[in-house]
2 protein chains.
Amino acid sequence: MSSVLYNEIFEQPTAIQRILTEGRSATEALVQTAKTADIRFIALAARGTSDNAAIYAKYLLQILCGVPVLLTAPSVHTLYGATVDYSKGLVIGVSQSGAGEDICEVIAQARKSGAVTAAITNTENSKLAQTAEHVLPCRAGVERAVAATKTYTTTLAIFAQIAAIWSGNSAFGEALNNVHDVAQTALETSEPQVQALAKTLYHAEKMLTVARGPHLSTAIEAALKIAETTGTTMQSFSSADLLHGPIASIAVRTPCLLFAPAGKSAADMEELVGKLATRNARVIRLSPNADADVTLTTPGDELLSPLTDILPAQLLAYHLTVTRGLDPDNPRGLSKVTVTR
Amino acid sequence: MSSVLYNEIFEQPTAIQRILTEGRSATEALVQTAKTADIRFIALAARGTSDNAAIYAKYLLQILCGVPVLLTAPSVHTLYGATVDYSKGLVIGVSQSGAGEDICEVIAQARKSGAVTAAITNTENSKLAQTAEHVLPCRAGVERAVAATKTYTTTLAIFAQIAAIWSGNSAFGEALNNVHDVAQTALETSEPQVQALAKTLYHAEKMLTVARGPHLSTAIEAALKIAETTGTTMQSFSSADLLHGPIASIAVRTPCLLFAPAGKSAADMEELVGKLATRNARVIRLSPNADADVTLTTPGDELLSPLTDILPAQLLAYHLTVTRGLDPDNPRGLSKVTVTR
């Protein structure tokens, strides 16, 4: 178990606790600037794993803060040379390395047009950090594994802290301050289950991940993690979108990982179980219930589940890689920093 | 060739021409209201094929009009009961049937919070049309095939007309007025090529579609069309996102449909050909070039390509269905109207 990926997965509870403490004043300063500027929308610029963190933020900030949130399309600027008026927005670039030219370009444009700008990055002296007005470092320590884990969950923690301060929702804020403990329990509880599950997935060439609402970020990030480490074909869907067409292409025996944490999406996910069963798909439940294949540990607020539910999925990616005799630290044909323009 | 789907595919040039003529005054009224209201962002609410049309609009309206565009997350309202302040926005619901409760809920919320609201729908007396302040009907005639085609391209045409009027870009507006002719040529030119291609894809259980920028809508909609009619596992990617991890899971011989219309995304797509070749994937080029597997017909402006490039993909979905002995008008387990909450 001397894999870099494995070790970084288990560093997450500590990393989450650290960023929530050490990052708090920077987060407060950003929220205050944004509120003073009377911003009317939040725009997020990200790629890959960071983009999945942005999907979490899209739901979270709309639900808790009531501000419309958009995910930018960087090629609008980099390829098509568009000038977008971001002047009434808070525009946040998210990048582990802070090296993505396209993300920097969005932030530069936004700053020029008068927006409040911020960078969430694990690399404090990166180009992205230098481009944005506010910098919120992940403080996760160097991430050596190609598959990002601790930079993902610390980014989620930063977004959750923004939402807590912005909304003034103290129950959510308190639950957030305990989430690192829940994360520790989630890792310990789920690992034996996930290890057994990985063995049964040895031959699976294709899998689905499904969730709804803020938990969609978990489904999409789980799919990316498993795809990049194991080479499995992964598709991820919102349960609502799945019913609009793609369900027609689910073949017999396809493993479908259903993320059904306690809360408002649970009933929809339960309904989906029946629909997948009639197609003879293999339904794998991740939930806090007794009939779960993988037990999810429940944080104090449903909206924090994405910080803890991704952990068993990361462990599944790791154990499936090992089960298949692959190297979890060196996925076929990937490198740590992907620079797109 | 008496399939409903096949006939509706060929109705599109006429339907596009019709909506651009008959719909113009309603589009003008909407743009004038939005400009008078000094809106700072545009929000789009849609599911399935309509959501793919919204992806086109996201790029188009940002590039040509410089307004930030977001895709809403309906469950924020329907499941999580959030109140979002859309007051400085133009919020457009897109739904062929106009029956989706979640889309109606977003529009109702937006209207209540003081936004300018509009519905793009093929059903003029639908709940969605009654909920929004402005109604832009697709005027595509009843769409009987489960797989939407003419409501997709007429929705794109409406968005293109909004962009033309909003931006005052007369070259784009002129090119738009000729796009139905280009669409007719695209259907005629590509069909024999697509028919031959379908035969070679008989055994393909999985395919990828890739594009970049505004053409991403084509890749995603092509994947949905082929998935729902043929049951093939489809994945679709922006070429930039594909390089951030998922490229690791592309297996030998996987057919990769690369949409590379003339214009600013072409160089990126060409670069990708080499990267896919080293993985021994099967690269299928859709482009206007001599080496294309399927020839794309080029409209007068690159940003109109999504209206014509989807046509060969729809034909591919149809011919692959027929080649495999399936019924194109009755995809396994789907119905025309999917109501999600």
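Remember, predicted model here, so these are calculated numbers, not experimental data.

Caption draft 1: Main features of the interface of chain B and chain A. Every contact between the two is made by 66 residues of chain B and, on the other side, 66 residues of chain A. Counting across the chain B and chain A interface gives four salt bridges. Between arginine 47 of chain B and aspartate 241 of chain A there is a salt bridge, with the nearest N and O atoms lying 3.1 Å from each other. Linking chain B to chain A there are 16 residue pairs in polar contact (both at pLDDT 80 or more). Elements with a contribution of two residues or more to the side of chain B that touches chain A: helix 4 (48-65), strand 2 (69-71), helix 5 (75-78), helix 11 (216-230), strand 7 (233-238), helix 12 (239-243) and helix 13 (266-278) of chain B. If one sorts the elements of the side of chain B that touches chain A by residue count, helix 4 of chain B sits on top with five residues. Split by residue class, the side of chain B that touches chain A holds 27 nonpolar, 22 polar and 17 charged.

Caption draft 2: Spatial organisation of the environment of glutamate 188 of chain A. Residues and elements named next belong to chain A. Looking at the element boundaries, glutamate 188 is found in helix 10 (residues 179-200). Spatially, the C-alpha atoms of glutamate 188 and leucine 311 are 9.9 Å apart, while their sequence positions differ by 123 residues. Engagement of the side chain of glutamate 188 in a polar contact is seen with the side chain of glutamine 184, the distance being 2.7 Å.

Caption draft 3: Region of interest: the confidence of the model for chain A. Considering every residue of chain A, the mean pLDDT works out to 94; 96% of them sit at 70 or more. On the interface metric, ipTM, the complex scores 0.93, and its pTM is 0.95.

Caption draft 4: Inspection of the sheet that holds strand 2 of chain B at higher detail. Residue and element names in this part refer to chain B. Here we have five strands laid out as an open sheet, ordered 2-1-3-4-5, and parallel in their pairing. Among the strands making up the open sheet, the edge pair consists of strand 2 and strand 5 (134-137). Direction aside, neighbouring strands of the sheet carry axes that sit 20° apart on average. Where strand 1 (residues 41-46) lies against strand 2, three bridges are found, and the strand directions are parallel. Paired with alanine 43 across the two strands is leucine 70, which belongs to strand 2.

Caption draft 5: Representation of helix 10 of chain A in the model. All names here are of chain A. Between the first and last C-alpha of helix 10 there are 31 Å, a value that for 22 residues agrees with the 32 Å anticipated at 1.5 Å per step. The largest bend in helix 10 is about 40°, located at glutamate 191, with the proline proline 192 one to four residues further on. All buried positions along helix 10 are accounted for by Val179, His180, Val182, Ala183, Ala186, Leu187, Ser190, Glu191, Val194, Leu197 and Ala198. For helix 10, the elements touching its buried residues are helix 1 (4-10), helix 2 (12-22), helix 9 (170-177), strand 9 (282-287), strand 10 (294-295) and helix 14 (305-323).

Caption draft 6: Representation of the sheet that holds strand 8 (residues 255-259) of chain B within the structure. All names here are of chain B. What the five strands build is an open sheet, ordered 7-6-8-9-10; its pairing is parallel. Every other strand in the sheet has two partners, leaving strand 7 and strand 10 (294-295) as the edge strands with one partner each. Where strand 9 (residues 282-287) and strand 10 come together, two bridges link them in parallel fashion. Its bridge partner lying in strand 10, serine 287 is registered against threonine 295.

Caption draft 7: Looking closely at the pairing of strand 3 (residues 89-95) of chain A. Residue and element names in this part refer to chain A. Burial within strand 3 is extensive, with seven of its seven residues counted as buried. Of the two faces of strand 3, the one holding Gly89, Val91, Gly93 and Ser95 and the one holding Leu90, Ile92 and Val94 are both buried throughout. In terms of strand pairing, strand 1 (residues 41-45) meets strand 3 through five bridges, oriented parallel. Looking at strand 3, one finds that leucine 44 is bridged to isoleucine 92.

Caption draft 8: Structural context of the environment of glutamine 32 of chain B. Residue and element names in this part refer to chain B. Within the fold, glutamine 32 resides in helix 3 (residues 24-36). Using a relative accessible area of 57% as the deciding quantity, one classes glutamine 32 as exposed. Spatially, the C-alpha atom of glutamine 32 lies 24 Å from that of asparagine 125, the residues being 93 residues apart in sequence.

Caption draft 9: Expanded view of the relation of the copies chain B and chain A. In the superposition of chain B on chain A (RMSD 0.0 Å, axial shift 0.0 Å), the rotation amounts to 180°. When the rotation and shift are considered jointly, the pair of chain copies conforms to a two-fold rotation axis. Of every C-alpha in chain B, the one belonging to leucine 70 of chain B sits nearest the axis of rotation, 2.2 Å from it.

Caption draft 10: Geometry of the packing of helix 2 of chain A against helix 10 of chain A. Residues and elements named next belong to chain A. Where helix 2 meets helix 10, the closest approach of the two axes is 8 Å, and the angle between their N-to-C directions is 170°. Taken as axis vectors, helix 2 and helix 10 run roughly antiparallel relative to one another. Facing helix 2, whose interface residues are Pro13, Ile16, Gln17 and Leu20, helix 10 presents Val179, His180, Ala183, Gln184 and Leu187. When grouped by side-chain class, the residues that make up the contact of helix 2 with helix 10 number six nonpolar, three polar and no charged.

Criteria and cut-off values
Residues numbered from 1 in each chain as written. Chains lettered and ligands numbered in written order. Predicted model: local features only at pLDDT ≥ 70, side-chain atom pairs only at ≥ 80, totals over all residues. Heavy atoms only, no water. Contact = heavy atoms within 4.5 Å. Salt bridge = Lys/Arg side-chain N within 4 Å of Asp/Glu carboxyl O. Polar contact = N/O pair within 3.5 Å; in protein donor to acceptor, adjacent residues only side chain to side chain. Helix = DSSP H or I, 4+ residues; strand = E, 2+ residues; numbered from the N terminus. Nonpolar A, V, L, I, M, F, W, Y, C, P; charged D, E, K, R; others polar. pLDDT = per-residue confidence, 0-100. Pairing = 2+ DSSP bridges. Axes fitted to C-alpha atoms, helices over the stretch in contact; angles between N-to-C directions. Expected span 1.5 Å × (residues − 1). Bend = angle between axes of the 7 residues up to and from the residue. Buried < 20%, exposed > 50% of the residue type's maximum accessible area, 1.4 Å probe, protein only. Least-squares fit on C-alpha atoms with pLDDT ≥ 70 in both. Parallel < 35°, antiparallel > 145°, perpendicular 65-115°, else oblique.

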